[in-house]
Amino acid sequence: DIVMTQSPDSLAVSLGERATINCKSSQSVLYSSSNKNYLGWYQQKPGQPPKLLIYWASTRESGVPDRFSGSGSGTDFTLTISSLQAEDVAVYYCQQYYSTPYTFGQGTKLEIK
Amino acid sequence: EVQLVESGGHLVEPGGSLRLSCAASGFTFSSDDMNWVRQTPGKGLEWVSYISSSGSIIYYADSVKGRFTISRDNAKNSLSLQMNSLRAEDTAVYYCARRSTRSRAFDIWGQGTMVTVSS
């Protein structure tokens, strides 16, 4: 199984500042034939299901604000929120969909400082 | 509106059975692969099972293999999860989620249904 490890577990950032969340996979999730990383980022607010923010490691889902960006390849990935807004308070998960079991990171709780 | 609505969650005793359903609307259900994902209270997300659009390919997490059965009825736009030999550790919110044909990520999620396994 591919193990996904996020860091940090929790993060407090001031409004308008940058937030960075890291995700590391225990093996590469880069599909060589397509040159795509099978890595997604999700946002979950209390009482709500997860919401897809980023797929292919760096492509924003339709309707997601451009302050959210994803980067990385292979085994190391980053989700960046360029200017934190109050509505971004949530738990963020990375997920690999390269192979089953489709594993998630343990989550990073993002709060306002 | 693209929507997934789960139902069937309940309080059940250990060793019991439960059948969850997921009703899809607003998209061509028969074209999309589907999944069940669960979330234990206050904890993270765990993928449970996958079924291809035609139903011909199925995968399970090791934690549920041999106890859970995923199925779908494309004529009724419905996904199901039959859960047998339930254990306390199966207590969770169960979500159905669509795997996008475009992105291959899980782009549509239902609101979830709560399963509690307790005596």
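Residues numbered from 1 in each chain as written. Chains lettered and ligands numbered in written order. Predicted model: local features only at pLDDT ≥ 70, side-chain atom pairs only at ≥ 80, totals over all residues. Heavy atoms only, no water.

Engineer: Help me understand the overall build of chain A, please; the structure alone is not making it clear to me.
Structural biologist: What chain A contains, in helices and strands, is zero helices and 12 strands. In sequence order, chain A lays out its α and β elements as β-β-β-β-β-β-β-β-β-β-β-β. Here chain A has a C-alpha radius of gyration of 13 Å; the compact-globule value for 113 residues is 13 Å, and the two agree. Overall, chain A is about 40 × 25 × 25 Å in size when its C-alpha atoms are taken along their principal axes. Burial status across chain A gives 48% buried among its 113 residues. Across chain A, contacts joining residues at least 24 apart in sequence account for 56% of those joining residues at least 6 apart. Only carbon and sulfur atoms are counted for the fraction: they give 45% of the accessible area of chain A, which is about 5100 Å². For chain A, the separation between the mean place of its 9 positive charges and that of its 9 negative charges on side chains is 3 Å. (Helix = DSSP H or I, 4+ residues; strand = E, 2+ residues; numbered from the N terminus. Rg over C-alpha atoms; globule rule 2.2 N^0.38 Å. Buried < 20%, exposed > 50% of the residue type's maximum accessible area, 1.4 Å probe, protein only. Contact = heavy atoms within 4.5 Å. Areas by Shrake-Rupley, 256 points an atom, 1.4 Å probe, with all protein chains shown as cover. Lys, Arg positive; Asp, Glu negative; His and termini not counted. Charge placed at Lys NZ, Arg CZ, Asp CG, Glu CD.)

Engineer: Could you clarify how one ought to interpret the environment of A:S7 in this entry?
Structural biologist: All names here are of chain A. In this structure, S7 sits in strand β1 (residues 4-7). Along the backbone, S7 and E61 are 54 residues apart, and their C-alpha atoms lie at a distance of 23 Å. Residues contacting S7, with those up to four places away along its chain left out, are I21, N22 and T108.

Engineer: Would you mind showing me how to read the environment of B:I51 here?
Structural biologist: Residues and elements named next belong to chain B. Positionally, I51 belongs in strand β5 (residues 45-51). Linking I51 and D33, residues 18 residues apart in sequence, is a C-alpha distance of 5.8 Å. Aside from chain neighbours lying at most four places away, what touches I51 is D33, M34, I57, I58, I70, S71, R72 and L79.

Engineer: What am I meant to see in the state of the cysteines here?
Structural biologist: A covalent bond between the sulfur atoms of two cysteines is what we call a disulfide. Residue and element names in this part refer to chain A. All chains considered together, the criterion is met by two disulfides over all chains. The residue that forms a disulfide with C23 is C94, at a sulfur-sulfur distance of 2.1 Å. Negative torsions about the S-S bond denote left-handed disulfides, and the value of about 75 degrees found for C23 with C94 makes this one right-handed. On the criterion of sequence distance, the pair formed by C23 in strand β3 (residues 19-25) and C94 in strand β11 (residues 90-96) is long-range, its members being 71 residues apart. (Disulfide = S-S within 2.5 Å.)

Engineer: Looking at this model, I keep getting lost on the interface of chain B and chain A. Mind explaining?
Structural biologist: Size of an interface: often given as the accessible area lost when the parts come together. Counting residues at the interface gives 21 residues for chain B, matched by 18 residues for chain A. Contact between chain B and chain A buries roughly 1700 Å² in total, counting both sides, with carbon and sulfur atoms accounting for 61%. Along the contact surface separating chain B from chain A lie one salt bridge. B:R102 is the partner of A:E61 in a salt bridge, and the nearest nitrogen-oxygen pair spans 3.3 Å. Those elements giving two or more residues to the side of chain B that touches chain A turn out to be β4 (33-39), β5, β9 (92-99) and β10 (106-109) of chain B. Looking at the side of chain B that touches chain A element by element, the count peaks at four residues for β5(B). Of the residues belonging to the side of chain B that touches chain A, the class tally is nine nonpolar, six polar and six charged. (Buried area = accessible area lost by both parts, 1.4 Å probe. Salt bridge = Lys/Arg side-chain N within 4 Å of Asp/Glu carboxyl O. Nonpolar A, V, L, I, M, F, W, Y, C, P; charged D, E, K, R; others polar.)

Engineer: Is there a simple way to explain the pairing of strand β12 (residues 108-112) of chain A in this structure?
Structural biologist: Residue and element names in this part refer to chain A. As paired elements, strand β2 (residues 10-13) and β12 share four bridges and run parallel to each other. Residue pairing across strands places S10 opposite K109, the latter belonging to β12. Bridge count between β11 and β12: three bridges; the pairing is antiparallel. Along β12, the bridge assignment pairs A90 with L110. (Pairing = 2+ DSSP bridges.)

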